[in-house]
Each structure stands twice: as structure tokens, then as C-alpha cells.
Amino acid sequence: MTNPQPTVAIIGASADRTKYGNKSLRAHLAQGFQVFPVNPKGGEIEGLKVYSKLSELPGPVDRVSMYVPPVVGLSMIDEIARLKPQELWLNPGSESDELYEKATALGLNVIIACSIIDIGTTPTAFGDA
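About the criteria used
Residues numbered from 1 in each chain as written. Predicted model: local features only at pLDDT ≥ 70, side-chain atom pairs only at ≥ 80, totals over all residues. Heavy atoms only, no water. Salt bridge = Lys/Arg side-chain N within 4 Å of Asp/Glu carboxyl O. Helix = DSSP H or I, 4+ residues; strand = E, 2+ residues; numbered from the N terminus. Buried < 20%, exposed > 50% of the residue type's maximum accessible area, 1.4 Å probe, protein only. Right-handed = clockwise from strand over helix to strand, strands pointing away. Pairing = 2+ DSSP bridges.

As annotated in an unreviewed UniProt entry, the chain is CoA-binding protein from Planctopirus hydrillae.

Quick look at the structure:
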């Protein structure tokens, strides 16, 4: 049986509420997602445990949303592929031709767009603080 609550890993989650890695976390929470923030610093963001590595996630994820430079994404792409998410979102600034090609070669469903807009809201709805 599938989890009725969709799950998302936010790679590049940030405690800085002005950054998109934080706005996305809050937007997905507001839209009913179970959110797994991923940042090598670990800790806690917006009351959620932060996972320093994808291998630490407690369960499967429906989508992965990236807010890191393409070179960081490339270093993580094999691990992302092992998660078998239904969607990999390369948000503005995280995309590159090389990352897209590698991800699609690994069988990932890559979407180059803003994942916040996809879930029915906008980054500006989450302001700067």
C-alpha cells in the first residue's frame, strides 16, 4: 500500500528563510508533503530533522527537489537514482546539461522547473522571513 502523504527530499535545505531551499521546504509542508530536508550540516530546520546524507532517509521518497549547484547534484546523482523517486526536480540554478543527461541515463524522470510553483504556490508566498 502506498503512503497517502507524498514525500519529498529537499537537497540543499537551508535554515535561512530567504533561501529557496527553505521556501521549498515550507511550501511542500504547507501542501501536505512529508518533507525530508537534506544538508550535510545536519541539525534541524523548521522543526524537522535534517539528514546529512540521502542514505539516512527513513523511507522512500516520491520526489527529490534540488537546490544545490549542478556539480553537487552530479556528485549525488547515483545515490538519488538508488532512491528511485518518481520525480527529480532541478530547480533554477541547479540544472546543467551534464546533470540532466546523467540523470536521464540512470532512468530518472527529470523535471527542470520550479517545484514550488508545481505544487500550486509561489516562492514569494513564503516571503523573506
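The rest of the description comes next.
## Here we look at the pattern of salt bridges
Scanning the model with the defined rule gives four salt bridges in all. Between Arg17 and Glu46 there is a salt bridge, and its shortest N-O distance comes to 2.8 Å. Of this pair, Arg17 sits in the loop between strand 1 (7–11) and helix 1 (20–30) while Glu46 is found in the loop between strand 3 (44–45) and strand 4 (48–49), placing the two residues 29 residues apart along the sequence. Notably, a salt bridge pairs Lys102 with Asp78, separated by 3.8 Å at the nearest N-O pair. Of the two residues, Lys102 sits in helix 3 (residues 97–105) while Asp78 sits in helix 2 (residues 70–83), which places them 24 residues apart along the sequence.

## Details of the pairing of strand 1
With respect to burial, strand 1 is a largely interior element, five of its five residues being buried. Residues Thr7, Ala9 and Ile11 point to one face of strand 1 and Val8 and Ile10 to the other, with burial holding for every one of them. Since strand 1 and strand 2 (residues 34–38) lie parallel, the crossover through helix 1 that links them has a hand, and here it is right-handed. As paired strands, strand 1 and strand 5 (residues 63–66) are joined by four bridges and run parallel to one another. Bridging from a neighbouring strand, Ala9 pairs with Val64 of strand 5.

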